[in-house]
Amino acid sequence: MSHDEDHVASTSEKLVRMANQIASFFHSKSREEGVTGVAEHINKFWEPRMRRQFFEMLDADPADFDELVVAASAKIKRPLTPEQADKNLGYIRSKGAEGAVPLK
């Protein structure tokens, strides 16, 4: 495994652990409060890149996540993909090119 692959794996593991720790705290609340609390915490404190990776992992296989995290995911803001963000700003990504170029 390359250094980059190790970093991605460790980042993924950290995101799962952090999400599950948040859920552990909110298990002491009612179900509704727990779902809302997990979502609010992630929306408030996780940057878009973290939430994007969170949804990629959740969409691929939610098994590692606490069930409260999975339930809260419906209330968590799903960030735009880099391509969607570029398009909203008037840029497009050309295949094989680094970065984005302005729309004509």
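Bear in mind the structure is a predicted one, so any value in this text is a computation, not a measurement.

## Quick notes on the overall build of the protein
Part 1: Along its length, the protein carries 5 helices and 2 strands.
Part 2: Of the regular secondary structure in the protein, the N- to C-terminal order runs α-α-α-α-α-β-β.
Part 3: Considering the protein as a whole, with its 104 residues, one finds that 29% of them fall into the buried category.
Part 4: A sequence separation of at least 24 residues applies to 58% of the contacts in the protein between residues at least 6 apart.
Part 5: On the protein, roughly 7300 Å² of surface is accessible, and the fraction owed to carbon and sulfur atoms is 54%.

## Notes on the packing of aromatic side chains
Part 1: Following the criterion strictly, the structure yields 4 aromatic pairs and no others.
Part 2: Here the aromatic rings of Phe54 and Phe65 are separated by 5.3 Å at their centres, their planes lie at 80 degrees, and the arrangement is edge-to-face. Here Phe65 lies in the loop between α3 (48-60) and α4 (67-72) and Phe54 lies in helix α3, a separation of 11 residues in the sequence. The exposure classification of Phe54 matches that of Phe65, with both residues buried.
Part 3: Members of the aromatic cluster, connected to one another through ring pairs, are Trp46, Phe54, Phe55 and Phe65.

## Quick word on the nonpolar core
Part 1: Counting 20 residues, the largest nonpolar core has Val38, Trp46, Phe54, Phe65 and Val69 as the members making the most contacts within it.
Part 2: Listing elements by their share of this core, those giving two or more residues are α1 (3-26), α2 (31-45), α3 and α4.
Part 3: Considering each element in turn, this core owes the most residues, 6 residues, to α1.
Part 4: Setting aside chain neighbours within four positions, we find Phe65 in contact with Val16, Ala19, Asn20, Phe54, Met57, Leu58 and Val70.

## Some points on the pattern of salt bridges
Part 1: According to the stated counting rule, one finds 3 salt bridges in the structure shown.
Part 2: The salt bridge involving Glu47 is made with Arg49; its shortest N-O contact spans 2.7 Å.

## Things to note about α3
Part 1: The end-to-end C-alpha distance of α3, which contains 13 residues, comes to 18 Å, matching closely the 18 Å that a straight helix rising 1.5 Å per residue would cover.
Part 2: Turning to α3, its buried residues number three or more, namely Arg51, Gln53, Phe54, Phe55, Met57 and Leu58.

## So, α2
Part 1: Given a rise of 1.5 Å per residue, 15 residues ought to cover 21 Å, and the 21 Å separating the end C-alpha atoms of α2 matches this to within 8%.
Part 2: Among the residues making up α2, those that are buried are Gly34, Val35, Gly37, Val38, Ala39, Ile42 and Asn43.

Here is what the cut-offs are and how they apply
Residues numbered from 1 in each chain as written. Predicted model: local features only at pLDDT ≥ 70, side-chain atom pairs only at ≥ 80, totals over all residues. Heavy atoms only, no water. Helix = DSSP H or I, 4+ residues; strand = E, 2+ residues; numbered from the N terminus. Buried < 20%, exposed > 50% of the residue type's maximum accessible area, 1.4 Å probe, protein only. Contact = heavy atoms within 4.5 Å. Areas by Shrake-Rupley, 256 points an atom, 1.4 Å probe, with all protein chains shown as cover. Phe/Tyr/Trp six-rings, centres within 6.5 Å; stacked < 30°, edge-to-face > 60°. Core = buried A, V, L, I, M, F, W, Y, C linked by side-chain atoms within 4.5 Å. Salt bridge = Lys/Arg side-chain N within 4 Å of Asp/Glu carboxyl O. Expected span 1.5 Å × (residues − 1).

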